[in-house]
Amino acid sequence: MLALVVAGLGAVSVIRKVQSFQSLGFRLAPQSGGASIVESVQDPKSSLRPGDQIVLANGKDVGGPTSLAELLRKESQAELFLFRDGEPATVPYVRPPLAIDGTYLILSLIGVVYLLIGLYTLLRQERGNRSHRSHAFLFFLWCLASAATYLLSAVAPVDLAFAMVSLGDDFARLLLPALTLHLFLVFPFSLGGRTGRRLIPFLYLPGAALIALHLDLALNNGRLIFGHPTDLRLQRLDRVEIAQLAIFALASVALLIRRLVDRRGRQGWEHQRQTQWVAVGLAGGYLPFLALSGIPFVMGLHAPEVVRAASVLPLALVPLTFAYAILRYKLWDVEVIVRDTISLTLTLLLGLIGFSMVNLAISRGVAQELTLARNLLSFAAGLGIAGLLVPTKAGISTALERLQYRGRWGKRRALNELGRELLHERDLCRLCDALLRQMEDGVDLERVNLYLAQGDVLIPIRPTTEVPELPERLAFDSLDEGFWRKDVQELSGLALPLETLTPAQQVFIAGYRYAFPLTVRGRGVGIALASHRRDQTPLSSDDTELIRQLLNQASLAIENAQLVGQLSVRLQEMQSLQRFSAGIFESSPAGIAVLDVAGRIVSANAAFGLIAGLANDHVTGRPLDEVLPLAPLPPMLEAGHGPMDVSFCDAAGRERHLQVSLAGFEGEGSHAGHRLRVLVVHDATERVAMETALKEQDRLAALGMLAAGVAHEVNTPITGISSYAQMLLSDIPEDHPHHEILKKVERQTFRAARIVNNLLELARDRQKERRPVPLKPLLTECVDLLGERLDKKRIEITWELPAEDVVVMGCDGELQQVFTNLIVNAFDAMGVSPSCPSPASPVGGRLTLRLEADEDKARVYVQDTGPGIPPEKLEAIFQPFFSTKLSRGGTGLGLSISSEIVRRHGGRLEAVSRPGEGGCFLVELPLA
């Protein structure tokens, strides 16, 4: 109610003061009967003189002084009919220009600030603390008295409103010194103990006595207490008031200095900071006022209007710093209060001034007869100004917020945009890191962390190793009951002795003071923890609201990121399983193909492509019979039935052996509406070749055993026959008829002995000492041994040798036997037999010897220009006793022995030949 009284009187005072900005240039004397007589003239330009009695203005009856004043304020120029010295006269009237009192407007604005701050402090008092309530009420009374002092200014005409405003100004001005000293005695803590508190009521006695004198003057003209009001008595009253103000001001300053220089530690850091802010406000508010207005007034100087207006501006610091000291360190939102108060006050002041100016312009610019137009213009102006108040307040609040937070303002504004940006982030780690980093920078927090739900517990995002006191996990019910329904919960570290610390208290010990629940559709997804600011000051409601708005959007973003993460994990598991299945499918050594009902290949693995000799992309989609000649397909596998063996010759003429099985597809079950089948193909060609080779080895082993037995049994009679034949030849002359027969016997015994020796050579598995053997000298030596015969029979030798020698590991004698045997076979193939030449045989030909080497193999090609080897004999030439020249003394063991020698050296011997194109033998040996 006190605030409403001060606000009402202040509104009347402001309206009258604004109207007084427009002066008439003269003053009307109060007369009975409503006559308008000029008492004094301030502006000579008005063309009036003292004593003039004004009758008409612009031909209208002026009525009383009030009506005349209203009429002339609306018209800048008028024609006045008046009586001057008893004679009628008509004079032109020119209204003086508008004179705005900027000092009063600023003081009224400061008064509004005082009023709003005091009222807000009273409403936000701590309900459960009696000391805080009394401090808040005292501060409210001090703000109320200050607001009345700045707002109230009695302006003519002298009437009831004038009296009320004047008395209100006197009450506030006389009580303000005592209220100030009282406030300094009890805030931030009481001085003087219980005795000092008992003496506090006596502080108000001087002010109460002066108020009684003013009431006596206003109501009884001084008849009860003051006496007859004379100029001397009134001057003495003013001096007493000034003395009271000076004494109380000096006492207040002394108390403040005492608190500031207190070195005994009676006040903590909170009280010390409160005292410092009060001192800053008083010094910043009153010192400029005393320097620019007080000192010139005492010295009798008249300061310019601009200087006086500038001197009162800093007075606004006094209520702001007082409120800052009282509210902030009681964990109240002083920054928000002050900012909203200033923005609201400035907005209302601008609206009030604007409406007053517009109303003044309407009254002066629109004729008084146009009442409807004047009312419509005033109403439209009011609506326009009211519509501009909201954006004006927002702009002022934004400017004050920018000034308040300075460098952090941009970061705080970025927090509002961050919430929308987080909704597009799908990576949980990046999302949480950006959220925590922006919270720290935007609100200037010392530390921040985030617990996210994982199953039945909450796990911190940032590692607890940085803060060992922080729990590694939190249960959902670790905080107070109903926590998930709150916007924010302040943490407390209070605990009884020997009591086990709760998780919430452990979080407090770790340095966190606020816990913000993160919920989505009523379900908790996490907890955000925040500390005080880096300057150890608590968070304001503006800060908590900013964080709350950010976390509301971040909660949904975190849930989305978690869902995306879970989906990504499931997708990775499916992809891993798919890769695992595909890996098994592709890693299978057996060829696998999925066939549709028409026998077309739907998919196949790499092994199937290798078996078919085609790339996978050339296999899929083609009919099976175009890829492999497996028609007709084997029957579906059943219990007790194994795969089917299939053999065929490929395009290169090689015989292929496959094992084929067919089974039903047990996966999705269909493709294009038809049943799928799985064809499994094993390439058994190498296995069959190995089995054939093993059989050949077994045959050779048996042959070796047979050869050894035959050699042992046959060698003795052959040796006897040969010896007897030689003995007979030595006794029979050459011309004897039996001499030629005995020669044939001798030759046949030698041939039989050679066959037996070749059998023994084939049977033996000799492991001779091996050493590096250069192939180029070895081949040259073999040709040199047969050089005379080559020249005699016109055999042309073609060499294709590399620049560098090729060295293999082996026995040079055995390798020489191999190459010599191949060269001799080439002679025979070209119609020349070095061992048994025939004059009737065709002579001549070309023998090509080519030597190649790669990273680990050496290859020797022996190629002739003979008639070639028939295809049906090509695979049998390495078998023992197979020969195409048995009629010319061949034994059929040369190629078999050579093949066995090359095999023992870790190589292979092959023959390639086509009829009419000669023959070519390849010897492949590993490099040394």
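Owing to the predicted nature of the structure, the values given are computational and were not obtained by experimental measurement. (Residues numbered from 1 in each chain as written. Predicted model: local features only at pLDDT ≥ 70, side-chain atom pairs only at ≥ 80, totals over all residues. Heavy atoms only, no water.)

(A) The packing of aromatic side chains, seen in detail. Tallied over the full model, the rule gives 6 aromatic pairs. Ring centres of Phe 483 and Trp 484 lie 5.2 Å apart, and the angle between their planes is 70°; on these two criteria the pair is classed as edge-to-face. You can call Trp 484 partly exposed: its relative accessible area is 23%. Within the aromatic cluster, the residues linked to one another by ring pairs are Tyr 114, Phe 139, Trp 142 and Tyr 150. In this structure, Arg 513 is placed above the aromatic ring of Phe 508, and the distance from its NZ or CZ to the ring centre is 3.8 Å. Here the basic side chain of Arg 850 rests over the ring of Tyr 861, its NZ or CZ set 4.1 Å away from the ring centre. (Phe/Tyr/Trp six-rings, centres within 6.5 Å; stacked < 30°, edge-to-face > 60°. Buried < 20%, exposed > 50% of the residue type's maximum accessible area, 1.4 Å probe, protein only. Lys NZ or Arg CZ within 6 Å of the ring centre and 35° of its normal.)

(B) Spotlight on the sheet that holds strand E19 (residues 677-683). Taken together, the 5 strands give an open sheet; going across it, the order is E14-E13-E19-E16-E15, and neighbouring strands pair in antiparallel fashion. Strand pairing shows two members of the sheet lacking a second neighbour, strand E14 (601-604) and strand E15 (644-649), which therefore form its edges. Averaged over all neighbouring strand pairs, the angle between strand axes comes to 30°, with direction disregarded. With 6 bridges connecting them, E15 and strand E16 (residues 655-664) associate as antiparallel partners. Bridge pairing in E16 places Met 644 opposite Val 660. (Pairing = 2+ DSSP bridges. Helix = DSSP H or I, 4+ residues; strand = E, 2+ residues; numbered from the N terminus. Axes fitted to C-alpha atoms, helices over the stretch in contact; angles between N-to-C directions.)

(C) Region of interest: a nonpolar patch on the surface. Judged by side-chain polarity, Leu 199, Phe 202 and Leu 205 come together as a nonpolar surface patch covering roughly 330 Å² of accessible area. Following the sequence through the fold, Leu 199 ends up in helix H6 (residues 193-199). (Patch = residues over 30% accessible without salt bridge, like charges linked within 9 Å, V, L, I, M, F, W, Y side chains within 5 Å. Areas by Shrake-Rupley, 256 points an atom, 1.4 Å probe, with all protein chains shown as cover. Salt bridge = Lys/Arg side-chain N within 4 Å of Asp/Glu carboxyl O.)

(D) Molecular detail of the packing of helix H1 (residues 2-20) against helix H3 (residues 102-123). The interhelical angle for the contact between H1 and H3, taken along N-to-C directions, is 165°, at an axis separation of 12 Å. As judged from the angle between their axes, H1 and H3 are roughly antiparallel. The hand of the H1/H3 crossing is left-handed. From H1, Ala 3, Ala 7, Ser 13, Val 14 and Lys 17 reach across to H3, where they touch Tyr 104, Ser 108, Leu 115 and Leu 119. Of the residues contributing to the contact of H1 with H3, the split by class is 6 nonpolar, 2 polar and 1 charged. (Parallel < 35°, antiparallel > 145°, perpendicular 65-115°, else oblique. Left-handed = near helix turned anticlockwise from the far one by under 90°. Contact = heavy atoms within 4.5 Å. Nonpolar A, V, L, I, M, F, W, Y, C, P; charged D, E, K, R; others polar.)

(E) Structural context of the sheet that holds strand E21 (residues 795-800). The 5 strands are arranged E21-E23-E24-E26-E25 in an open sheet whose pairing can be described as mixed. One side of each edge strand has no neighbouring strand; the edge strands of this open sheet are E21 and strand E25 (908-913). Taking each pair of neighbouring strands and ignoring which way they run, the sheet shows an average axis angle of 15°. Where strand E24 (residues 857-863) meets strand E26 (residues 919-926), 7 bridges bridge the pair, whose relative direction is antiparallel. Bridge pairing in E26 places Ala 858 opposite Leu 925. Of the strands in this sheet, E25 and E26 are in contact with helix H26 (residues 894-904), which crosses E25 at around 135°.

(F) Quick peek at the environment of Asp 427. As for its position among the elements, Asp 427 is in the loop between helix H14 (409-422) and helix H15 (428-443). Overall, Asp 427 belongs to the partly exposed group, its relative accessible area being 29%.

(G) Examining the layout of surface pockets more closely. The volume enclosed by the second largest pocket comes to roughly 1,800 Å³. Around the second largest pocket, the lining comprises 42 residues; the ones closest to its centre are Ala 689, Thr 692, Ala 693, Glu 875 and Glu 910. Sorting the residues of the lining of the second largest pocket by element identifies helix H18 (606-612), E15, E16, helix H20 (685-731), H26 and E25 as the ones contributing at least two each. The biggest single contributor to the lining of the second largest pocket is H20, with 9 residues. Split by residue class, the lining of the second largest pocket holds 20 nonpolar, 10 polar and 12 charged. (1 Å grid on protein atoms, 1.4 Å probe; cavity = no way out; pocket = protein on both sides within 12 Å on 5 of 7 lines; lining within 4 Å. Points joined across faces, edges and corners; volume = space filled by probe spheres on them.)

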